[in-house]
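These are the residues of each chain, in order.
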Amino acid sequence: LHWHDFDEDRGLFVDHLTIPTHVMDEFGKLAMTLMETKFFRERHRRNPFRARTLSIADTVQLALEATEAMGMWQDHDCKVMKRYLRNLDPENDGRVPFDTVHHQPQVDDANGEQVFRFAESQDYLR
């Protein structure tokens, strides 16, 4: 998520709320997948002659539960990143020079999948 100063970036803030974005599209796909998964899991308990219905509130609840469960996976990745950054700390004071971080290669897991990559600009990190 990106944070914007509402007073300085009012137009950008409005654009994020009114113009469809990649994130909104991805959330829509996630919501559809979660709904399909819910119906699949309930297939042996549901009446096959009744319509499969969900409210928007149900869908939001499914998304909340799914994102909370994802925290366990992200926690592991965050700990890996923290150890990696700790090894880059020249003074052992919790600070790593920007150039040192920015020139690090992409870090992959054992399967070759990207775990993290430091690509944020200096302005973004401020």
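Conventions we followed
Residues numbered from 1 in each chain as written. Predicted model: local features only at pLDDT ≥ 70, side-chain atom pairs only at ≥ 80, totals over all residues. Heavy atoms only, no water. Core = buried A, V, L, I, M, F, W, Y, C linked by side-chain atoms within 4.5 Å. Buried < 20%, exposed > 50% of the residue type's maximum accessible area, 1.4 Å probe, protein only. Helix = DSSP H or I, 4+ residues; strand = E, 2+ residues; numbered from the N terminus. Contact = heavy atoms within 4.5 Å. Patch = residues over 30% accessible without salt bridge, like charges linked within 9 Å, V, L, I, M, F, W, Y side chains within 5 Å. Areas by Shrake-Rupley, 256 points an atom, 1.4 Å probe, with all protein chains shown as cover. Salt bridge = Lys/Arg side-chain N within 4 Å of Asp/Glu carboxyl O. Lys, Arg positive; Asp, Glu negative; His and termini not counted. Charge placed at Lys NZ, Arg CZ, Asp CG, Glu CD. pLDDT = per-residue confidence, 0-100. Expected span 1.5 Å × (residues − 1). Bend = angle between axes of the 7 residues up to and from the residue. Polar contact = N/O pair within 3.5 Å; in protein donor to acceptor, adjacent residues only side chain to side chain.

(A) Focus on the nonpolar core. Listed in full, the six residues of the largest apolar core are Leu34, Met35, Phe39, Leu62, Ala63 and Ala66. If you list the elements that add at least two residues to this core, you get α2 (22-41) and α3 (56-88). Beyond its immediate sequence surroundings of up to four residues, Phe39 is in contact with Arg46, Arg52, Thr53 and Leu54.

(B) Expanded view of a nonpolar patch on the surface. Where nonpolar side chains cluster on the molecular surface, the patch consists of Ile56, Val60 and Leu64 and spans about 290 Å² of accessible area. Relative to the assigned elements, Val60 resides in helix α3. A relative accessible area of 41% places Val60 in the partly exposed class.

(C) Geometry of unusual backbone geometry. Positive phi values are uncommon outside glycine, yet Asn92 reaches one of about 60°. According to the relative accessible area criterion, Asn92 is exposed, its value standing at 64%.

(D) Just the environment of Thr53, in detail. Among the secondary structure elements, Thr53 is positioned in the loop between α2 and α3. Once the C-alpha coordinates of Thr53 and Phe39 are considered, the two residues, 14 residues apart in sequence, prove to be 9.3 Å apart. Contacts of Thr53, omitting those with residues within four sequence positions, involve Phe39 and Arg46.

(E) Spotlight on the pattern of salt bridges. If you walk through the whole model with that rule in mind, you get three salt bridges. Of the charged contacts in the structure, one is a salt bridge between Lys38 and Glu42, with a shortest N-O distance of 2.6 Å. What makes Glu42 buried here is its relative accessible area of 18%. When the shortest N-O distance is used, the salt bridge between Glu42 and Arg46 registers 3.7 Å. For Arg46, a relative accessible area of 26% corresponds to the partly exposed category. Residues joined in a network through salt bridges with shared partners are Lys38, Glu42 and Arg46.

(F) Representation of a negative patch on the surface within the structure. The grouping of Asp77, Asp108, Asp109 and Glu113 at the surface amounts to a negative patch. Summarising the element assignment, Asp77 is placed in helix α3. On the basis of relative accessibility, which here comes to 31%, the residue Asp77 falls in the partly exposed class.

(G) Expanded view of the confidence of the model for the chain. Taken over all residues, the pLDDT of the chain has a mean of 80, while the share at 70 or more is 83%. Across the chain, element-level confidence peaks in helix α4 (residues 98-102) with a mean pLDDT of 88 and bottoms out in helix α1 (residues 10-18) with 65.

(H) Spatial organisation of α3. Under the 1.5 Å per step criterion, the end-to-end length of α3 is 46 Å for 33 residues, consistent within 8% with the ideal 48 Å. Taken as a whole, α3 carries its principal kink of about 35° at Met72. For α3, the side-chain oxygen to backbone nitrogen distance between the N-cap and Ala57 is 3.3 Å, and the N-cap itself is Ser55.

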